[in-house]
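Here's the letter readout for the chains.
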Amino acid sequence: MGKAFDFTLILDFIPKLLSYIHITLFILVFSILFGIVIGFIIAIPRIYKIPGLNRAAILFVSFMRGTPIIIQLFLIYYGLPAILQIVGIDITRMNPMNFVIITYALSSGATFSEIIRGSVASVEKGQEEAAYSIGMNKRQTFYRIILPQALLIAFPNFGNSVIGFLKDTSLAFTIGVMDMLGRGDTLIAATAHALEVYISLSIIYYIIAILLEKGFKKSEIHLQRHDHGIAAN
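Remember, predicted model here, so these are calculated numbers, not experimental data.

Trainee: So what's going on with the overall build of the protein? Which residues, and what values?
Mentor: Counting its secondary structure elements, the protein contains nine helices and zero strands. Beginning at the N terminus, the succession of helices and strands in the protein can be written as α-α-α-α-α-α-α-α-α. On the principal axes, the C-alpha backbone points of the protein span a range of 75 × 50 × 25 Å. Of the contacts made within the protein by residues no fewer than 6 positions apart, 78% connect residues no fewer than 24 positions apart. Here the protein has roughly 13500 Å² of accessible surface; of this, 65% comes from carbon and sulfur atoms. Positive and negative side-chain charges in the protein, numbering 18 and 14 respectively, have mean positions lying 6 Å apart.

Set out below in structure tokens:
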């Protein structure tokens, strides 16, 4: 049982937790960057129905979206070293941060691939036919006509997903990464004031989420204005 609630400790804990925010943001940023690349790689076979690869992409996305991310984290953390040891590669001493980023990149990649695929499918087919009629090939049509519009359509869902992944980064401490939640765990052990620590963490995560949401909304408005300006010209 923890000690009696002390509101003043929240003001004391927040700066201590914030000193580890760079680790949380590092995980988020690099996971998202790699996830976007993975998302495109997975989306392409599904968009063009590439035999074999399309089926593999469907299975991958289904697994990543159908299992809890903490299980995925443990599978990567314990499974990847075991698999690589079979071929003589030892990564058992690799920084746990790398396993976290690999896991979150794969998980976010599965989500982004579905966002990309759905956005591409929502672009009016007539534009693709018009591009072919003026001599564009399939690749030019995709990158010059379809993809820019699809990215604009995908942007709101992308922003919501990033905010969701921010909350998932809190699981990194389960394999030894000292992020904000990991620091919070040490504060609980040292002070026995768990409620104050979790209130402090919730305040920090909530503020970050609000800032990200506002940033994405402003970016979306800017992109829409830019897109409308181009359309007008």
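Trainee: Go over the packing of aromatic side chains with me, naming the residues and quoting the values.
Mentor: The description of two aromatic rings rests on the distance between their centres and on the angle between their planes. Scanning all chains against the criterion turns up eleven aromatic pairs. With a centroid separation of 5.0 Å and 75° between ring planes, the pair formed by Tyr-77 and Tyr-78 is classed as edge-to-face. Taking the centre distance of 6.0 Å and the plane angle of 85° together, the rings of Phe-158 and Phe-216 count as edge-to-face. Here Phe-158, found in helix α7 (residues 138-168), pairs with Phe-216, found in helix α9 (residues 194-232); they are 58 residues apart in sequence, far enough to count as distant. An aromatic cluster of three or more residues is present, and its members are Phe-112, Phe-155, Phe-158, Phe-165 and Phe-216.

Trainee: Could you give an account of the packing of helix α1 (residues 8-18) against helix α8 (residues 180-191), with specific residues and numbers?
Mentor: Relative orientation of the contacting elements α1 and α8 amounts to 140°, with a least axis distance of 9 Å. For the element pair α1 / α8, the angle class is oblique. Of the two possible hands of crossing, α1 and α8 adopt the one that is right-handed. Note on element contacts: α8 touches α1 through Met-180, Arg-183, Gly-184, Leu-187 and Thr-191, opposite Phe-13, Lys-16 and Leu-17. For the contact of α1 with α8, a count of residues per class yields four nonpolar, two polar and two charged.

Trainee: I'd like to hear about α7, residue by residue, with values.
Mentor: Taking 1.5 Å of rise per residue, 31 residues should cover 45 Å, yet α7 covers just 38 Å from first to last C-alpha, more than 12% shy of that figure. Within α7, the axis deviates most sharply at Phe-155, by approximately 45°, and proline Pro-156 lies no more than four positions further along. The N-cap residue of α7 is Asn-137: its side-chain oxygen and the backbone nitrogen of Gln-140 are 2.7 Å apart.

Trainee: Requested: an account of the pattern of salt bridges, with residues and values cited.
Mentor: In total, this model carries five salt bridges according to the counting rule given. A salt bridge links Arg-65 to Glu-114, with the nearest nitrogen and oxygen atoms 3.7 Å apart. Of this pair, Arg-65 sits in helix α3 (residues 53-66) while Glu-114 sits in helix α5 (residues 96-122), and the two are 49 residues apart along the sequence. The class for Arg-65 is exposed, based on a relative accessible area of 53%. The exposure class of Glu-114 is buried, given its relative accessible area of 18%.

How each quantity is defined
Residues numbered from 1 in each chain as written. Predicted model: local features only at pLDDT ≥ 70, side-chain atom pairs only at ≥ 80, totals over all residues. Heavy atoms only, no water. Helix = DSSP H or I, 4+ residues; strand = E, 2+ residues; numbered from the N terminus. Contact = heavy atoms within 4.5 Å. Areas by Shrake-Rupley, 256 points an atom, 1.4 Å probe, with all protein chains shown as cover. Lys, Arg positive; Asp, Glu negative; His and termini not counted. Charge placed at Lys NZ, Arg CZ, Asp CG, Glu CD. Phe/Tyr/Trp six-rings, centres within 6.5 Å; stacked < 30°, edge-to-face > 60°. Axes fitted to C-alpha atoms, helices over the stretch in contact; angles between N-to-C directions. Parallel < 35°, antiparallel > 145°, perpendicular 65-115°, else oblique. Left-handed = near helix turned anticlockwise from the far one by under 90°. Nonpolar A, V, L, I, M, F, W, Y, C, P; charged D, E, K, R; others polar. Expected span 1.5 Å × (residues − 1). Bend = angle between axes of the 7 residues up to and from the residue. Polar contact = N/O pair within 3.5 Å; in protein donor to acceptor, adjacent residues only side chain to side chain. Salt bridge = Lys/Arg side-chain N within 4 Å of Asp/Glu carboxyl O. Buried < 20%, exposed > 50% of the residue type's maximum accessible area, 1.4 Å probe, protein only.

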